Amino acid sequence: MISLIYARSLDHCIGDRGMIPWHLPDDFAHFENTTRGKPIIMGRKTYEDHKSALPDRLNIVISSQDDYQTAPGVVLVHSLHDALAHTQQQSQDVFVIGGVSFFNAALPLATVVYETIVNATIAGDTILPDYDFSGWASTLLQDHPIDEDHQFAFKIYRHKRVGPALIST
């Protein structure tokens, strides 16, 4: 099963200058708990946000650069197809965690999308398209208010594809 997981602002911003533009510990905990023990696939720019292997997961970075250096425990591949092929021996479940081009490429293959909507307008430089989940079964998992640890309120949704996803080869 291929899943996407991301957080976006009301205006679909997911990043600014290579960084996540908010600090939401409970959303990060959701990310950690949801992806733990599963392979995660990310592009080079997403990887460069933390430049280390996220623990208890197979970390796969996609880069067109043959000589790109990654931290120990991070697998380097050159395409989403290669990343998905590499995960087949590891797990039936895999998460695409960024960036935009990989979300766009993986969405037709995905059966589940975990989407955090941050209740803020952010003037960032990395914008996700407005995905249409009207044909999906959507469940609100969490409605988190602003508090002393969270500058913005946010909602976490789980969108499950109702029909079949495209088959990846």
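Data block above holds the structure.
A brief structural summary.

Basis of the calculations
Residues numbered from 1 in each chain as written. Predicted model: local features only at pLDDT ≥ 70, side-chain atom pairs only at ≥ 80, totals over all residues. Heavy atoms only, no water. Salt bridge = Lys/Arg side-chain N within 4 Å of Asp/Glu carboxyl O. Helix = DSSP H or I, 4+ residues; strand = E, 2+ residues; numbered from the N terminus. Buried < 20%, exposed > 50% of the residue type's maximum accessible area, 1.4 Å probe, protein only. Pairing = 2+ DSSP bridges. Axes fitted to C-alpha atoms, helices over the stretch in contact; angles between N-to-C directions. Contact = heavy atoms within 4.5 Å.

Some remarks on the pattern of salt bridges
So, step 1. Under the defined criterion, the tally for this structure stands at 6 salt bridges.
So, step 2. Taking the shortest distance from any N to any O, the salt bridge between E115 and R8 comes out at 2.9 Å. Of this pair, E115 sits in strand 7 (residues 112-118) while R8 sits in strand 1 (residues 2-9); the two residues are 107 residues apart in sequence, bridging distant segments of the chain. Grouping residues by exposure puts E115 and R8 together as buried.
So, step 3. With its nearest N and O atoms 2.9 Å apart, the salt bridge here joins E32 to R57. Taken as a pair, E32 in helix 1 (residues 25-35) and R57 in the loop between helix 2 (44-47) and strand 4 (59-62) lie far apart in primary sequence, 25 residues in all.
So, step 4. E32 sits in the buried class, given a relative accessible area of 11%.
So, step 5. Of the residues examined, R57 reaches a relative accessible area of 9% and is grouped as buried.
So, step 6. Here the salt bridges do not stand alone but share partners, grouping E32, R36, D56 and R57 into one network.

Here we look at unusual backbone geometry
The bulk of non-glycine residues show a negative phi, and the bulk of peptide bonds are trans.
So, step 1. With omega at 0 degrees, the peptide bond leading from G98 into G99 counts as cis.
So, step 2. Here G99 lies in the loop between strand 6 (94-98) and helix 4 (100-106).
So, step 3. The backbone of D56 shows a phi angle near 65 degrees, a positive value even though the residue is not glycine.
So, step 4. Within the fold, D56 resides in the loop between helix 2 and strand 4.

Brief notes about the sheet that holds strand 9 (residues 136-144)
So, step 1. Read from one edge to the other, the open sheet built from 8 strands follows the order 5-4-3-6-1-7-10-9, with strand pairing classed as mixed. In the strand order of this sheet, the two ends are held by strand 5 (74-77) and strand 9, each with one partner. Each strand axis lies, on average, 20 degrees off the axis of its neighbour in the sheet, ignoring direction.
So, step 2. Contacting strand 1, strand 3 (40-43), strand 4, strand 5 and strand 6, helix 3 (residues 80-87) runs over the sheet at an angle of about 165 degrees to strand 4.

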